[in-house]
Amino acid sequence: MESYKEVNRIVYGKHAGQFKEFTKDYLEYILEDANLFLDSLNGKKILDLGSGPGRDSLFFKESCFNPVCLDISKEMIKLCRKKSLAAVVGDLENLCFKDNSFNGVWAYTSLLHSPKEKFNYNLSQVIRSLKSGGVFYLGMKEGNFEGFLESDKYPGIKRFFSLYRDEELSEILSQYFEIFHKSRVKLEKATFLNYLCRPKK
Ligand SMILES: C[S@@+](CC[C@H](N)C(=O)[O-])C[C@H]1O[C@@H](n2cnc3c(N)ncnc32)[C@H](O)[C@@H]1O
């Protein structure tokens, strides 16, 4: 496994409980987006890509959808299963699902852990996994950076991040998707850039 990925896997595994606690209310900040995402789906199957402890998938399940959590950290997947969520250990850079499997792919602050050179390929896998008319939600952290970062919230812990500006993300996404909703959310000291989109026909 590439070293940046292994570092992130180990860090999230070691601090899974702490991460779950720190981020338990984060859906509130993007609840409007989450509801718009659900309203835009033409079926029930959702892939929660880099689900972490399954906070968002629990909301999807309680809203009568069928989410599947995928995360590289087996500790995160254990936390999802404790919530009785369908969950698999897997790598968002090498998706293990058949083509046309999901009505929606939800990737909230997970694709930011993959290098920029892999972003286009990662998007192609999302498109491949979506059924016709499927919807993709992407949440990323704003910035202009690629490498290991220590955040204020987790002192002493370095994770690999790819941070983008809105113009960059919009330009890349627009090559493959029609963006139909954007939001910019300030959460603690960071700004998150969120996009709801459908693959171009
Ligand atoms: C910032 S957390 C976000 C978790 C969740 N989406 C949330 O909003 O709480 C990023 C998650 O992505 C997972 N992750 C990082 N790299 C991954 C990869 N290559 N494949 C799958 N999951 C990955 C981490 O284990 C972690 O759970």
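All of these numbers come straight from a predicted model, not from anything done at the bench.

**Q** Quick question: what am I supposed to make of helix 6 (residues 119-129) here?
**A** The α-helix winds at 3.6 residues per turn, so residues separated by three or four positions along the chain end up facing the same way. Buried within helix 6 are the following residues: F119, N122, L123, Q125, V126 and S129. The arc that holds the buried residues of helix 6, viewed along the axis, is 155°, so those residues lie on one side. For helix 6, the elements touching its buried residues are strand 1 (45-49), strand 4 (102-108), strand 5 (130-141), helix 7 (166-176) and strand 8 (177-187).

**Q** Would you mind showing me how to read the site of the ligand here?
**A** G50, R55, D71, D91 and L92 are the nearest of the 19 residues found near the ligand. A distance of 2.8 Å separates a nitrogen atom of the ligand from a polar atom in the backbone of L92. About the coverage of the ligand: the protein hides 96% of its 590 Å² of free accessible area. Listing elements by their share of the shell around the ligand, those giving two or more residues are helix 1 (3-14) and strand 2 (66-71).

**Q** I keep staring at the packing of helix 6 against helix 7 and nothing clicks. Help me out?
**A** Packed helix pairs are specified by the crossing angle of their axes together with the interaxial distance, meaning the distance between the axes. For the pair helix 6 and helix 7, the least separation of the axes is 11 Å and the interaxial angle reads 40°. In this view, helix 6 runs oblique relative to helix 7, as classed from their interaxial angle. Every pair of crossing elements has a handedness; the one defined by helix 6 and helix 7 is right-handed. Residues F119, N120, L123 and I127 of helix 6 touch helix 7, and the partners they reach there are L169, I172, L173, Q175 and Y176. Residues of the contact of helix 6 with helix 7, tallied by class, amount to 7 nonpolar, 2 polar and no charged.

How each quantity is defined
Sequence order as written defines the numbering, with residues in each chain counted from 1. The predicted nature of this model means local features are confined to residues of pLDDT at least 70 and side-chain atom pairs, given and counted, to a pLDDT of 80 or more, with totals for whole chains, interfaces and linings taken over all residues. Side-chain calculation: all heavy atoms of the structure are included, whereas hydrogens and water are not. Relative accessibility decides the category of a residue: with a 1.4 Å probe and only protein chains considered, values under 20% of the type maximum give buried, values over 50% give exposed, and everything between is partly exposed. Strands here are runs of E lasting at least two residues and helices are runs of H or I lasting at least four, both read from the DSSP assignment and numbered beginning at the N terminus. The arc under discussion is defined with respect to the helix axis, by the directions toward the C-beta atoms. Two residues form a contact once any of their heavy atoms are found within 4.5 Å. Put simply, a residue is near a molecule or strand once any heavy atom of it comes within 4 Å of that molecule or strand. Pairs of N or O atoms within 3.5 Å make up the polar contacts considered here, provided that, within protein, one atom can donate a hydrogen while the other can accept it, and that residues adjacent in sequence are counted only when both atoms are side-chain atoms. Methods summary: accessible areas were calculated by the Shrake-Rupley approach with a probe of 1.4 Å, and residue burial reflects only the protein chains presented. Angles run from 0 to 180 degrees between N-to-C directions of axes, and those axes are lines fitted to C-alpha atoms, restricted for helices to the stretch in contact. If an angle is under 35 degrees, it is roughly parallel; if it is over 145, roughly antiparallel; if it lies from 65 to 115, roughly perpendicular; otherwise it is oblique. The sense of a crossing depends on the near helix, which, turned anticlockwise from the far helix by less than a right angle, makes the crossing left-handed and, turned clockwise, makes it right-handed. Just so you know the grouping, Ala, Val, Leu, Ile, Met, Phe, Trp, Tyr, Cys and Pro go in nonpolar, Asp, Glu, Lys and Arg go in charged, and all remaining residues, Gly too, go in polar.

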